[in-house]
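Here is what each chain is made of, one letter per residue.
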Amino acid sequence: MRAYSVIRGIIGLICGAILAQTSVRAQSEEDLRSITRIEVVNIGTGSISGYGTGVALGRDGEILTSRDIVADANDTKLTYAIFNGLRYRVQLSRCHSGSVDACIIKILDASFAGIGVGHFAKLGCRRLNLFEPIQAAGFPIDPSAGLFRVRGEVPTDRTDAGSLYPTTATVVQGMSGGPVFDKSGRVVGIVKLNPGAPVNGVERLVFTPLFRFKTLLDDTPYSCDDSYDPNVQVQSDVVKAQLTRTFTICEGEYERRCAPYEYDIFVQCYTLDRKVAEICKDRNSERVSLRPSEGGNRCGYGWYKISC
């Protein structure tokens, strides 16, 4: 428990710093009531084998979450969603037919009917803008900890090869499957634990955008708005007009080899200049090598600090 307290204290300080850096609408208590803690329990021992977060879509008890949490459920495990201290048994309804990390689970208790929720977040199936602010929420593994909310920005307007958006926010284990909100309060993605390097013991938050698995919502009553929000572009223009932006990049062959050192963005061999141009646009940029480069089979590995 002491280790939990230390970790939570460090995370609180980091999250507090991030909350002060970005401008995004604070989620109301009504918005947050639809977020649930998810636990996967071994039937034989009663021990908890998996943790995560999800967001309720409506009164019928369907919950959007990460495939990583629930896809391996079987006859030896039970999955529960916890709303306001009440535990509800759930079952896997369906997952995205491709490789995208998204599933819908459903509460089996017909009496749920959105009890204690009362409000369900709107969904947004659109691409995000460069430097767009986001807010994510989820429950850490510590069952005594409350809901964590972190803020950050999307440092690119494109998803990576794994259909994920990187962010400048931090994430703690247990937040996987939790909602990512845009400036207007719409859920635009779900959190996925980043396989990249930890930053000061806390990982960078990456998320799967809803537009990548919009088909999962087909034949459901849940609409997913893909309209463009001009207010978001205004915010992006303001942020891009700041005098200096600083970020770190690891360029290399495989991201796992970058992991011993801190970085914000990973790029494949020979794409560093293109990524810097994409982020900095028409602004001048400066590049500083953070450490000696390392050899490899193609381009090797390099770590850089970019300012523009």
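Keep in mind that what you see is a predicted model, and the values were worked out from it rather than measured.

1. Details of the state of the cysteines
Enumeration according to the criterion identifies 4 disulfides in this entry. Here C125 connects covalently by a disulfide to C224, the sulfurs 1.8 Å from one another. Its torsion about the S-S bond being 95°, the disulfide of C125 and C224 is classed as right-handed. Taken together, the residues span a long stretch of sequence, with C125 in the loop between strand 7 (123-124) and strand 8 (132-138) and C224 in strand 15 (residues 224-225) at a distance of 99 residues. Across this residue pair, the class does not change: C125 and C224 are buried. Each sulfur of the disulfide joining C269 and C299 lies 2.0 Å from the other. Handedness here is read from the sign of the S-S torsion; for C269 and C299, about -70°, the answer is left-handed.

2. As for the pairing of strand 3 (residues 62-65)
Because side chains alternate across strand 3, one face comprises the buried residues E62 and L64, and the other comprises I63 and T65, equally buried. In this structure, strand 2 (residues 48-56) lies alongside strand 3, joined through 3 bridges in antiparallel fashion. Residue pairing across strands places G54 opposite T65, the latter belonging to strand 3. The antiparallel hairpin formed by strand 2 and strand 3 contains 5 residues in its connecting segment, where G61 sits at a positive phi of about 90°.

3. Examining the confidence of the model for the protein
Mean pLDDT over the protein: 76, with 76% of residues reaching 70 or higher. No element of the protein has a lower mean pLDDT than helix 1 (residues 2-19), at 40, and none a higher one than strand 11 (residues 179-181), at 93. Low pLDDT (under 50) marks residues 1-26, which in the prediction has 40 contacts with non-local residues, meaning those over four places away or in another chain. Here residues 234-243 is a poorly scored stretch, pLDDT under 50, and it has 17 contacts once near neighbours within four places are set aside; other chains count.

4. A short note on the pairing of strand 12 (residues 187-192)
Walk down a regular strand and you will see the side chains alternate between the two sheet faces. Where burial is concerned, most of strand 12 is hidden: 6 out of the 6 residues are buried. Looking at chain direction, strand 11 and strand 12 are connected through 3 bridges and run antiparallel. Considered in strand 12, the bridge of F181 is made with V187. Between strand 11 and strand 12, which pair antiparallel and follow one another directly, the connecting turn spans 5 residues, one of which, G185, has a positive phi of 95°.

5. Some thoughts on the nonpolar core
L64, L123, M175, L205, L210 and F213 are the most contacted members of the largest nonpolar core, which totals 40 residues. Mapped onto this core, the elements with two or more residues apiece are strand 8, strand 9 (148-154), strand 10 (165-171), strand 11, strand 12 and strand 14 (202-209). Discounting residues that sit within four places of it in the chain, L205 has contacts with A136, V150, Y165, P166, T167, A169, T170, V171, M175 and V191. V70, Y88, V90 and F112 belong to the second largest nonpolar core, which has 15 residues in total.

6. Focus on the pattern of salt bridges
A full pass over the atoms with the stated rule returns 12 salt bridges. One salt bridge connects E39 with R87, and the closest N-O pair in it is separated by 2.6 Å. Here E39, found in strand 1 (residues 35-42), pairs with R87, found in strand 5 (residues 86-95); they are 48 residues apart in sequence, far enough to count as distant. Residue class for E39 comes out buried when judged on its relative accessible area of 5%. Two residues, D68 and K192, come together in a salt bridge whose shortest N-O distance is 2.9 Å. Within this pair, whereas D68 is found in helix 3 (residues 67-70), its partner K192 is found in strand 12, the two being separated by 124 residues in sequence. Look at K192 and you get buried, because its relative accessible area is 18%. One continuous salt-bridge network, built from bridges that share partners, spans R126, E132, D182, R186 and D225.

Thresholds, definitions, all that
Each chain carries its own residue numbering, running from 1 in the written order of its sequence. Two thresholds apply to this predicted model, a pLDDT of at least 70 for residue-level local features and 80 or more for giving and counting side-chain atom pairs, whereas whole-chain, interface and lining totals are computed over all residues. Hydrogen atoms and water are omitted, and side-chain values are computed over all heavy atoms in the structure. In this description, the term disulfide denotes a pair of cysteine sulfurs within 2.5 Å. By the criteria applied, helices consist of DSSP H or I runs no shorter than four residues and strands consist of E runs no shorter than two, each listed in order from the N terminus. Throughout this description, buried means an accessible area under 20% of the type-specific maximum (1.4 Å probe, protein chains only), exposed means over 50%, and partly exposed covers the range between. At least two DSSP bridges between two strands are required for those strands to pair. One number per residue, pLDDT, summarises how confident the predictor is, and it ranges from 0 to 100. Contact definition: two residues touch when any of their heavy atoms are within 4.5 Å. Among buried residues, those of type Ala, Val, Leu, Ile, Met, Phe, Trp, Tyr and Cys that are joined through side-chain atoms within 4.5 Å constitute a nonpolar core. Any carboxyl oxygen of Asp or Glu that lies within 4 Å of a side-chain nitrogen of Lys or Arg is treated as forming a salt bridge with it.

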